[in-house]
Amino acid sequence: WGAKSIHEIKKRDVSDLVSLIAQRNAHASHRLLKTLKTFFRWCVGRAVIDFSPAEGISSAYRDVSRDRVLTDQELAAVILAARRMPPPYSRIVEFLALTGQRREEVAQLKWDELDEKTRTWIIPGRRTKNKRAHIVHLSEPAWKVIQACSGEPYVFGTATGKRFQRFGKEKPTLDKLCGVAGWRIHDLRRTIVSGMARLGIPPHIADKILNHQAGTISGVAAVYQRHDFLAEREEALDRWGVHVEHIVQNFRPSKDEQSSIAAANKIGLPIFGRG
């Protein structure tokens, strides 16, 4: 729309733009329409315009609830494959698999958010989805990942000192190396909740670890339940860390995974190792 005045934006302009984006990415088009509707409603509320040109326009896109959970075998394959990739992506993936936090929160982790004495990470409220500060206990394996980092000011920063953002570009390489198909980075959070349940960790503790806005404890109970379960969360993440180390150490690739690894080696994908 360039320098066009907001008063010149018509319903056809919005419809054409949303349709154009939908040809490339349906989800991006859906998100764009939601953003435009929010913006134009705000303008109406501030008497900038009399009505929203986005009202009445709908998107054909529908969010599909995902239920992908990686098996222990798949999770170990992903971690081992990530270790063969260059940092900081390699370390981010392993850290995500150990802590269950959101990828953008991890990518923006700074040293002053870490407490070495208590081995905790405090995510400030301005960076969490629910706008509340969140405490994450770092297990021994997670702390080892931190110790291997040297970015500045971001723990998982790039060589130029910026936060890592190349998730989409690095993921295809990770998929080729690990041989695991049909998964997303965000599925690691669901995988951790499922894995913790198998370890006997109560779901409300897992919800607290992942900082879910609406977890197992909801409604009236959530109003009165203000306990943060910090001790229980620490124990749960320690147990999860031990479990992850165990499955990684005992990983034996299947025939399909062996084929994927061989194919990755054949096309010259680099092997960086743990360091």
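Residues numbered from 1 in each chain as written. Predicted model: local features only at pLDDT ≥ 70, side-chain atom pairs only at ≥ 80, totals over all residues. Heavy atoms only, no water.

(A) Representation of the overall build of the protein within the structure. Helix and strand counts for the protein stand at 12 helices and 3 strands. Looking at the 275 residues of the protein, the share that counts as buried comes to 41%. Contacts in the protein between residues far apart in sequence, at least 24 positions, make up 67% of those at least 6 positions apart. Accessible area of the protein: about 15,600 Å², with a carbon and sulfur share of 53%. (Helix = DSSP H or I, 4+ residues; strand = E, 2+ residues; numbered from the N terminus. Buried < 20%, exposed > 50% of the residue type's maximum accessible area, 1.4 Å probe, protein only. Contact = heavy atoms within 4.5 Å. Areas by Shrake-Rupley, 256 points an atom, 1.4 Å probe, with all protein chains shown as cover.)

(B) Structural context of the pattern of salt bridges. In total, this model carries 15 salt bridges according to the counting rule given. Where Asp 187 meets Arg 190, a salt bridge forms, and the shortest distance between an N and an O atom there is 2.9 Å. In this pair, Asp 187 and Arg 190 both sit in helix α8 (residues 187-198), 3 residues apart, roughly one turn of the helix. Relative accessible area serves as the criterion here: at 24%, Arg 190 is assigned to the partly exposed category. Here the salt bridges share partners, and the residues they tie into one network are Arg 103, Glu 104 and Arg 163. (Salt bridge = Lys/Arg side-chain N within 4 Å of Asp/Glu carboxyl O.)

(C) Up close: the packing of aromatic side chains. With the rule as written, the count across this model stands at 6 aromatic pairs. Considering the side-chain rings of Phe 39 and Phe 40, the 5.3 Å spacing of their centres and the 55 degrees angle between planes classify their relative orientation as tilted. Given a relative accessible area of 1%, Phe 40 falls into the buried group. Above the face of the Trp 183 ring, Lys 171 is positioned so that its terminal group lies 4.1 Å from the ring centre. (Phe/Tyr/Trp six-rings, centres within 6.5 Å; stacked < 30°, edge-to-face > 60°. Lys NZ or Arg CZ within 6 Å of the ring centre and 35° of its normal.)

(D) The arrangement of the environment of Thr 173 in detail. Relative to the helices and strands, Thr 173 is located in helix α7 (residues 167-178). Between the C-alpha atoms of Thr 173 and Met 85, which are 88 residues apart in sequence, the distance is 8.4 Å.

(E) Highlighting the nonpolar core. In this structure, Phe 95 and Phe 156 are the most contacted members of the largest nonpolar core, which totals 55 residues. When near neighbours in sequence (up to four residues on either side) are disregarded, Phe 156 contacts Pro 88, Arg 91, Ile 92, Phe 95, Val 106, Leu 109, Val 145, Ile 146, Cys 149 and Phe 164. Val 18, Leu 36, Ile 49 and Ala 54 belong to the second largest nonpolar core, which has 10 residues in total. (Core = buried A, V, L, I, M, F, W, Y, C linked by side-chain atoms within 4.5 Å.)

(F) Looking closely at the pairing of strand β2 (residues 120-123). Relative to β2, strand β1 (residues 114-115) is paired through 2 bridges, and the arrangement is antiparallel. Residue pairing across strands places Asp 115 opposite Thr 120, the latter belonging to β2. Pairing between β2 and strand β3 (residues 134-137): 4 bridges, direction antiparallel. Paired with Trp 121 across the bridge in β3 is Val 136. (Pairing = 2+ DSSP bridges.)

(G) Quick look at the sheet that holds β2. Ordered by their spatial adjacency, 3 strands build an open sheet running β1-β2-β3, and the pairing between neighbours is antiparallel. Bordering the open sheet on either side are β1 and β3, each of which pairs with just one other strand.

(H) Broad picture of a negative patch on the surface. Where like charges cluster on the molecular surface, the negative patch consists of Glu 232, Glu 234, Glu 235 and Asp 238. Summarising the element assignment, Glu 234 is placed in helix α11 (residues 230-249). (Patch = residues over 30% accessible without salt bridge, like charges linked within 9 Å, V, L, I, M, F, W, Y side chains within 5 Å. Lys, Arg positive; Asp, Glu negative; His and termini not counted. Charge placed at Lys NZ, Arg CZ, Asp CG, Glu CD.)

(I) Spatial organisation of the confidence of the model for the protein. With 85% of its residues at a pLDDT of at least 70, the protein reaches an overall mean of 88. When pLDDT is averaged over each element of the protein, helix α4 (residues 89-99) comes out on top at 98 and helix α10 (residues 219-224) at the bottom at 41. Long-range and interchain partners of residues 217-226, a stretch whose pLDDT sits below 50, account for 4 contacts in this model, where long-range means more than four residues apart. (pLDDT = per-residue confidence, 0-100.)

(J) Up close: the environment of Lys 129. In this structure, Lys 129 sits in the loop between β2 and β3. You can call Lys 129 exposed: its relative accessible area is 61%. The spacing of Lys 129 and Glu 105 is 24 residues in sequence and 9.3 Å in space, taken between C-alpha atoms. Once residues within four sequence positions are removed from consideration, Lys 129 is found in contact with Arg 102 and Glu 105.

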